[in-house]
Amino acid sequence: MEELRIQYVNLEHQGNHESHYTQGFSSTSLVVRRGAPFKITLLLKGRAFNPHSDTLMFRILLGGLYVEFPVTFSKQGSPSQWGAYFDPKGLNPNSPSLYISSPASSSIGRYSIQLHVLTQHDRQGYTVGDFVLLYNPWCHEDAVYIPFEDQREEYVSKDSGLLYMGTPKNLQSRPWSFDQYEPEILDICLKLLEVSPQHGRNWQKDYLGRADPVYLSRVVSAMINCEDDRGVLRGNWSADFKNGVPPSKWTGSAAIMRQWAKSKFSPVMYGQCWVFAAVMCTVMRALGIPSRVITNFNSAHDTDGNLVIEEFYSETGKKLSYSKDSIWNFHVWVECWMTRPDLGAQFDGWQVLDPTPQERSGGIFCCGPAPVKAIRDRRVDLVYDIPFVYAEVNAAVHTVIVKQGQVLSSSTDTERVGSLIVTKTIGSPRPQNITGNYKPTEAFSGESTHKRGSTQGLSVSLSLLKVPVAGENVAFTVMVTNMDSIPKVLREHVNAQTKEYNRCPSDTFWEVHNVIRIAPHEAKAIHHLIDHAQYESLMGDDLVNLAVVIEDESTQERVLASEEFNITSPQLSIQIADEDSVMAHKEHTALIVFCNPFPVPVSGLLTVTGSGLIEGEMHSRIELFKPGGTMERSFSFIPRMVGKKMLQATLVLKNNSAKIIGYRMISVKSA
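What counts and how
Residues numbered from 1 in each chain as written. Predicted model: local features only at pLDDT ≥ 70, side-chain atom pairs only at ≥ 80, totals over all residues. Heavy atoms only, no water. Helix = DSSP H or I, 4+ residues; strand = E, 2+ residues; numbered from the N terminus. Buried < 20%, exposed > 50% of the residue type's maximum accessible area, 1.4 Å probe, protein only. Contact = heavy atoms within 4.5 Å. Areas by Shrake-Rupley, 256 points an atom, 1.4 Å probe, with all protein chains shown as cover. Salt bridge = Lys/Arg side-chain N within 4 Å of Asp/Glu carboxyl O. UniProt positions renumbered as here; feature names shortened; annotations may be inferred. Domains from an automatic or database assignment. Buried area = accessible area lost by both parts, 1.4 Å probe. Phe/Tyr/Trp six-rings, centres within 6.5 Å; stacked < 30°, edge-to-face > 60°. Polar contact = N/O pair within 3.5 Å; in protein donor to acceptor, adjacent residues only side chain to side chain. Pairing = 2+ DSSP bridges. Disulfide = S-S within 2.5 Å. Axes fitted to C-alpha atoms, helices over the stretch in contact; angles between N-to-C directions. pLDDT = per-residue confidence, 0-100.

Side note on the overall build of the chain
Tallying secondary structure elements over the chain gives 12 helices and 38 strands in all. Here the C-alpha coordinates of the chain stretch approximately 115 × 60 × 40 Å along the principal axes. Burial statistics for the chain: of 671 residues in total, 56% are counted as buried. Across the chain, the fraction of contacts at a sequence separation of at least 24, relative to all contacts at a separation of at least 6, is 68%. If you sum the accessible surface of the chain, you get close to 27,900 Å²; carbon and sulfur atoms cover 49% of it.

Topic: the pattern of salt bridges
A full pass over the atoms with the stated rule returns 33 salt bridges. Of the charged contacts in the structure, one is a salt bridge between Asp-385 and Arg-218, with a shortest N-O distance of 3.6 Å. Within this pair, whereas Asp-385 is found in the loop between α9 (372-376) and α10 (386-394), its partner Arg-218 is found in helix α6 (residues 213-224), the two being separated by 167 residues in sequence. Judged by its relative accessible area of 19%, Asp-385 is buried. Between Arg-340 and Asp-342 there is a salt bridge whose closest N-O contact spans 2.8 Å. Using a relative accessible area of 0% as the deciding quantity, one classes Arg-340 as buried. Of the residues examined, Asp-342 reaches a relative accessible area of 44% and is grouped as partly exposed. A network of salt bridges, in which partner residues are shared, links Glu-182, Glu-184, Arg-258, Glu-615 and Arg-640.

A word on the UniProt feature "active site" (unreviewed entry) in the chain
The UniProt record annotates "active site" (unreviewed entry) at Cys-273, His-331 and Asp-354. Spanning 82 residues, the annotated positions come together in the fold, the maximum distance between their C-alpha atoms being 9.8 Å. Note that Cys-273 resides in helix α8 (residues 273-287). Aside from chain neighbours lying at most four places away, what touches Cys-273 is Trp-237, Trp-328, Phe-330, His-331, Val-332, Thr-356 and Tyr-501. Within the element layout of this structure, Asp-354 appears in the loop between β18 (349-353) and β19 (370-371). Relative accessible area serves as the criterion here: at 1%, Asp-354 is assigned to the buried category. For Asp-354, the contacting residues outside a window of four places in its chain are Ser-221, His-331, Val-332, Trp-333, Cys-366, Cys-367 and Glu-392.

Topic: the environment of Gly-288
The topology assignment puts Gly-288 in the loop between α8 and β14 (291-301). When its relative accessible area of 0% is taken as the criterion, Gly-288 is described as buried. On a C-alpha basis, the gap between Gly-288 and Arg-152 in space is 9.6 Å, while along the polypeptide they are 136 residues apart. Every residue in contact with Gly-288, bar those within four places of it in the chain, is listed here: Arg-33, Tyr-135, Pro-137, Val-144 and Val-156.

Points about the UniProt feature "domain: Transglutaminase-like" (unreviewed entry) in the chain
Under the present numbering, the feature "domain: Transglutaminase-like" (unreviewed entry) in UniProt falls on residues 265-357. Secondary structure content for residues 265-357 is 16% helix and 45% strand, while the C-alpha to C-alpha distance between its ends is 18 Å.

Digging into the domain arrangement of the chain
For the chain, the domain assignment lists domain 1 (4-134), domain 2 (149-437), domain 3 (451-566) and domain 4 (573-668). The C-alpha-based centres of domain 1 and domain 2 are spaced at 39 Å. Summed over both partners, the interface of domain 1 with domain 2 comes to about 1,600 Å²; 63% of that surface belongs to carbon and sulfur atoms. Interface area lost by domain 1 to domain 2 is led by Phe-25, Leu-65 and Ile-108, which between them contribute 33%. Counting across the domain 1 and domain 2 interface gives one salt bridge. Arg-110 is the partner of Asp-187 in a salt bridge, and the nearest nitrogen-oxygen pair spans 2.6 Å. Those elements giving two or more residues to the side of domain 1 that touches domain 2 turn out to be β2 (30-33), β8 (109-118) and β9 (123-134).

Some details on unusual backbone geometry
Glycine aside, a negative phi is what most residues show, and trans is what most peptide bonds show. Cis peptide bonds are those with omega within 30 degrees of zero, and the linkage from Met-269 to Tyr-270 qualifies with 10 degrees. Residue Pro-369 follows Gly-368 across a cis peptide bond; omega there is 5 degrees. Along the chain, Pro-369 falls in the loop between β18 and β19. One non-glycine residue with positive phi stands out, namely Asn-243, at about 70 degrees. Examined against the element boundaries, Asn-243 turns out to sit in the loop between β12 (233-235) and α7 (254-262). When its relative accessible area of 67% is taken as the criterion, Asn-243 is described as exposed.

Considering the packing of aromatic side chains
Under the defined criterion, the tally for this structure stands at 26 aromatic pairs. Each ring, one from Trp-328 and one from Tyr-501, has its centre 5.7 Å from the other, and the planes form 90 degrees; the classification is edge-to-face. On the criterion of sequence distance, the pair formed by Trp-328 in strand β17 (residues 326-338) and Tyr-501 in the loop between β27 (488-499) and β28 (508-518) is long-range, its members being 173 residues apart. Just as Trp-328 is buried, Tyr-501 falls in that class too. With a centroid separation of 5.2 Å and an interplanar angle of 80 degrees, the aromatic rings of Trp-337 and Trp-350 are classed as edge-to-face. Of this pair, Trp-337 sits in strand β17 while Trp-350 sits in strand β18; the two residues are 13 residues apart in sequence, bridging distant segments of the chain.

Here's the deal with the environment of Thr-167
Inspection of the secondary structure assignment puts Thr-167 in strand β10 (residues 160-167). C-alpha of Thr-167 to C-alpha of Asn-566: the two residues are 399 residues apart in sequence and 6.5 Å apart in space. Every residue in contact with Thr-167, bar those within four places of it in the chain, is listed here: Phe-297, Asn-329, Leu-543, Glu-564, Phe-565 and Asn-566. At a separation of 2.6 Å, a polar atom in the side chain of Thr-167 contacts the side chain of Asn-566.

Describing the pairing of β18
Burial runs high along β18: five of the five residues are buried. Where β17 meets β18, five bridges bridge the pair, whose relative direction is antiparallel. Within β18, the residue paired with Trp-337 across the bridge is Trp-350. Looking at chain direction, β18 and β19 are connected through two bridges and run antiparallel. Across the sheet, the residue bridging to Val-352 is Ala-370, located in β19.

Considering the state of the cysteines
Across all of its chains, the model carries zero disulfides by this definition. Between Cys-281, a free cysteine, and Cys-336, which holds the nearest cysteine sulfur, the sulfur-to-sulfur gap is 7.2 Å.

Examining the sheet that holds strand β36 (residues 630-637)
Taken in spatial order, the three strands line up as β32-β33-β36 in an open sheet, and their pairing is antiparallel. Bordering the open sheet on either side are β32 (573-576) and β36, each of which pairs with just one other strand. Strand-to-strand twist across the sheet, computed as the mean angle between neighbouring axes with direction ignored, equals 20 degrees.

Some remarks on the confidence of the model for the chain
Looking at the chain as a whole, the pLDDT averages 94, with 98% of positions reaching at least 70. Confidence over residues 443-447 falls short of pLDDT 50; this stretch has nine contacts with residues more than four positions distant or in other chains.

Notes on the sheet that holds strand β16 (residues 319-320)
In spatial order, the strands read β16-β15-β20-β21; together these four strands make up an open sheet with mixed pairing. Every other strand in the sheet has two partners, leaving β16 and β21 (406-413) as the edge strands with one partner each. Across two bridges, strand β15 (residues 308-314) lies against β16 in antiparallel orientation. Looking at β16, one finds that Tyr-313 is bridged to Lys-319.

As C-alpha cells, this is what we get:
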C-alpha cells in the first residue's frame, strides 16, 4: 500500500491576507495577525488522508523556540495555546484544508512551519514555509485592540499622514508617507528587532518579550535613534548636514529604512524630531500597533527637573543663550495604543513614545511608554519617563531682562508650555486638538502671557496684523498703555532674530529704537513693518523671535512682550485628470502647478513621490520663471495598490530658502 505523502502546501496568501487585514504588505512571506486562525491547504499524493490512522503534527518555530501541536477535528482549542483543526466545512481526504490558530498573546515575528505526518508505519517531516505574525488590533483579546474601525483604518492601515509644525497660531502641515506596504519595509522592521541590543544579549528573552507591546515599544523607541546601538537615524540639530540629507528633505520612511538596511545597519544621516517620530510610527503600524504622530507646541526641555524654564533677554529685547533649559517651538513624538497590565487598567490607551534622543531612560536613549492619562494626572511615580513628558507640557516659563549680569525685571508665564497639542484628525487633513488629554485645560485660545507684559504703571502687548506669508512684509503692532495719572516718556526697543524650532535665536537681523511720549491713561499703538527682503535670505525652516522692551525713563521700569512666528510658504497645486476614475495598474496623469509669489525670478528642482503610486522618485528641472509667473509640469503614474494614496510634490528653489510642497490624496479603485 502506498504511503501518504505531501506534494504541495498552499498557504492561501490572498484569503488569509484579506481575513487578517494584511493586504498590501510586500513581504514574500504570508503575513497574519495573532489571535486569529489562518488557513492552509495540503495537496497529497500516494494515498488519501485517513483520519482514523493518520495524524498531522505541526511544529511552529520562532528562532530556536518552538511549540508542537496536532491537527484536531475540534475548533474549540485553548485560546491561550497554539492549535490546529481541520476545516469545519468538511474534510477532503486528498486535499485537506486546516486552520492554525495562535494565542492573542503570542510573540510577534517571523515563524517557520514544519509539518510531520504520522501513519501506522511511517513518519515524514516537511518544511512548509514561513509566516510573519503581527499584533492584532482587530482582536478583543489582544493588548493592542482598539475598538472602532475608523481608528484601525487611520492608526494601523493608513500608509500616509500629516505632521504638524510651525507655531500654535500658524500650524504648518507636512505630508509624510509612512510606507509600511512598500517592498522590503516589513522585513526591515523585523530586522530592526533582531539588530537590537536586547536580542543580541539574550535572544530567547527577547523573543518571549515581543508578546508584550510595552516591551517591544521600548525596544523600537531606542532603535530609531543610533545613540546606544545600530539604530536607524542619527540626529543633527546643527546647520551643517554634509555627508547626509537635511532632515527637512525627507518625505517618507521607506528611503530611510532601505538606506539603513542596505548599509548593514549604519545610521542614516540625518533626523530631527518629526523624522524620528514618523519612522517610529511606520515601524509600529507595520508591526500592528495603533500609532499616531503628535505635535506639542512650545515643548519644554527641563534639564534640571524643577518644572521651570528660564529665558533671558537684554534690555533692548535680544534673546540670550544663558540657560541650559530650552523651549522648542514644537516637538514631535508618537502615541501608541495598548493596555498597561503592569500599571492597571486605568492607564490603558494612548502611551507617549519618543524616539528622539534627549535624555536616557533606564540607561539608554528612549522614552516611554508613558500613559497619557498618567501625565494628565501627574502620576510621576509611575513608569516610564512620566516626569520628563509632564515637564514638556506643563513647565512654567520665567523670563528675565538682564544688563551686565544684573536683573532688571522678571515675569512668569504658566500658559505657554504645551499650549497646543495636536494630531491628525481621523479621515481628515485637519489637526485634532488633544491638549485636554494631557492637561486639564480650557479650550485653547491662542493667547499666552508672553505676548503681553505689564507692571503697575505700564501694559505692553505685541500682535501680528496677519499671518506672515513668504514674499510679503511682516506687519505688527506694539500696544502700550499708560495706567498711571501722569504722562510718561518711554523708550521702545524692538528686536527680531531668526531661530530654529529647538534652539535659542541667532543674531539680530532687524531692530528699531524709538522714544514715545504717552499721556495719562492713554493707550498708544505703534505700527512696524519688516521688509520681506530682510528675512527671506535667512529663513528656510526657521522662525522669527520678535520682542519689544518698553522702558520708562523716569522709573527705569521695563516691560517685555514677545512673539515667535513662522512664515507661511506658498504651496504647490496638484490636479489629477479624471480623478474619480483612478484605477490600479492603469496609467493616469497628474499636473503640478506653482505660481511664483516672490518679487524675483525663481528656478529649482521638482520632485514627485507617492507610495503605491510611483516607484521611487520623479524629477523635473524648473528653469527661471518671472514674478507672478506660473509653472506647470505633468507626470504620469500607474497605481499598484487599491485604497487612498498620497501623491507628494516638493519644489526646492535655488537662491531662496522657502520650502514649496504640495500633496493630494487619491482614491485608487480596483480595475
